[in-house]
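Each chain, letter by letter, is given below.
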Amino acid sequence: MDTTRGNYAFNLADCIQYGIAHHHDMVNANLDVDFSKEQVKEATAKLFPHADINANFTDNLKLATSLIPDIANGNYDKKIPVQFGTRFSSSATGQVNQTIFQSDYFLGLKASRVYRGLSTKNLTRTEIDTKVAIIKAYYAVLTNQENIRLSKSNLDQLRKTLTDTKARYDAGVSERVDVDRIQVSYNNGVTQIENQIRELVYTMQLLKFQMGMPQESNLELRETVQDLNVESFSTDTLNYKVEDRIEYSIQNTQIALNELSLKSKKMAYLPQLNFFVNYGYNWFSTRFGDLYKTGFAASALGLNLSWSVFTGTERLHQIQEQRITLKKSQNDLDFLSQQIKLEVKSANTSYESNKATFVTQKTNMTLTQGIYDRIVLKFEQGVATSLDVISAESQLTQARTDYVNAMLATLISKTDLDKAMGRIK
């Protein structure tokens, strides 16, 4: 992976585009596609002619002895020992073989092409998973940034209240306990923002990881949660099709592979026919130095038929096994269809609930902010206590936290719903 430091200012689409090109899983998935292409070429090459050259050299240290009738003397009952051949012999033969018919070849070629389609679909699934991971990490960064923005806004207001309270205390109008209470709340606010910044740093690191971006790079986001307009999100869970899910297509491909495997077992009963032609030389000599002075050519061509007529009942059981495997894959497809429908219902339930909570929490935060502003005004006018201010500030902090959490939950559940319906392409 490239670890060169870079400076980037991205929106969500840019982050996704970068991740598709650089994420580890995407790189490997693309390599798998290249690998499957080579497998198709390999399967195609099996039908090309295959040429071989074989050569040997033999030193018959002691020639074998045979007994034959004594024909020369007309005594056929008498056996005499003789030796045939020469001490040294050598040969070299080149042969070309061409497959004319082999049942597995054409099925294997088709299976390799189907496998290539499977690797392409796995690439699509990896791309979808990568997009989902990037989207969720991106939303986590934006909501953390929003959380910090709201916290800082609240802290600025609390700082002003603390400054005003100190001034009134110095003028003898306010008590020391009021200053200390607001100071404690202010200190907690500072620490909370520091913790939120640490969380933001981590979520940014997670986003870069999901994008395949080196951690040394500097990444800035060009969007905020206001650009997302969460409340305007809409869903249509009626007009989706289970066939849109890449998992459904992958399972269909698996069924096709199982069908080819079954067909391959059935066609294993067919014979195999090959053509061959060869040409070579043979050398013989009683002395090594004279071995290659004279050679004798030899050539042949022919057909080779191989037919395994009976192999017990092994093939019958293999065919039955493949039929069972095919039925299981078809059953898995039906189950996957029901599973997808249930996933959509579950994801839609979560999304609708989270969105309703988000709308409520947004309203609550606005109301709590108004309560806090009025309590601070009353405190400055001397008709409210510092405890009232601290209580209102605590409620505002909780409302702000609930609002941000509800926003993130809504964004994530919307992403899960889109994925469940197959709308993340």
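About the thresholds
Residues numbered from 1 in each chain as written. Predicted model: local features only at pLDDT ≥ 70, side-chain atom pairs only at ≥ 80, totals over all residues. Heavy atoms only, no water. UniProt positions renumbered as here; feature names shortened; annotations may be inferred. Helix = DSSP H or I, 4+ residues; strand = E, 2+ residues; numbered from the N terminus. Buried < 20%, exposed > 50% of the residue type's maximum accessible area, 1.4 Å probe, protein only. Patch = residues over 30% accessible without salt bridge, like charges linked within 9 Å, V, L, I, M, F, W, Y side chains within 5 Å. Areas by Shrake-Rupley, 256 points an atom, 1.4 Å probe, with all protein chains shown as cover. Salt bridge = Lys/Arg side-chain N within 4 Å of Asp/Glu carboxyl O. Expected span 1.5 Å × (residues − 1). Contact = heavy atoms within 4.5 Å. Pairing = 2+ DSSP bridges. 1 Å grid on protein atoms, 1.4 Å probe; cavity = no way out; pocket = protein on both sides within 12 Å on 5 of 7 lines; lining within 4 Å. Points joined across faces, edges and corners; volume = space filled by probe spheres on them. Nonpolar A, V, L, I, M, F, W, Y, C, P; charged D, E, K, R; others polar.

- Going by the annotation in an unreviewed UniProt entry, the name recorded for the protein chain is TolC family protein, with Chitinophaga fulva given as the source organism.
- Quoted verbatim from the Sequence similarities (unreviewed entry) heading of the UniProt record, the comment on the protein chain is "Belongs to the outer membrane factor (OMF) (TC 1.B.17) family."
- According to the UniProt record, the Subcellular location (unreviewed entry) comment for the protein chain is "Cell outer membrane".

## Details of the side chain of T397
Link 1 in the chain: Checked against the element boundaries, T397 lands in helix α8 (residues 386–420).
Link 2 in the chain: For T397, a relative accessible area of 15% puts it in the buried group.

## Considering a nonpolar patch on the surface
Link 1 in the chain: A grouping of I100, F101, F106, L270 and L303 is seen on the molecular surface, where their side chains present a nonpolar patch of about 460 Å² in accessible area.
Link 2 in the chain: With respect to the element layout, L270 can be found in the loop between α6 (246–267) and β7 (272–285).
Link 3 in the chain: A relative accessible area of 39% places L270 in the partly exposed class.

## A closer look at α6
Link 1 in the chain: Taking 1.5 Å of rise per residue, the 22 residues of α6 would be expected to cover 32 Å, and the 32 Å separating its terminal C-alpha atoms lies within 8% of that figure.
Link 2 in the chain: Within α6, the full set of buried residues consists of I246, E247, Y248, S249, I250, Q251, T253, I255, L257, N258, L260 and L262.
Link 3 in the chain: Residues of α6 that are buried sit in contact with α3 (103–170) and α7 (314–381).

## A short note on the pairing of strand β4 (residues 75–83)
Link 1 in the chain: Across six bridges, strand β3 (residues 65–70) lies against β4 in antiparallel orientation. Bridged to L67 within β4 is P81.
Link 2 in the chain: Two successive antiparallel strands, β3 and β4, enclose a turn made up of four residues, where G74 displays a positive phi of approximately 75°.

## Brief notes about empty space enclosed by the protein
Link 1 in the chain: Applying the stated criterion across every chain, the model contains one cavity of 30 Å³ or more.
Link 2 in the chain: Along its surface, the largest cavity is lined by S151, N154, L155, G189, Q192, I193, E393, T397 and R400.
Link 3 in the chain: Of all elements in the fold, only α3, α4 (176–211) and α8 reach the threshold of two or more residues within the lining of the largest cavity.
Link 4 in the chain: Residue classes in the lining of the largest cavity are distributed as two nonpolar, five polar and two charged.

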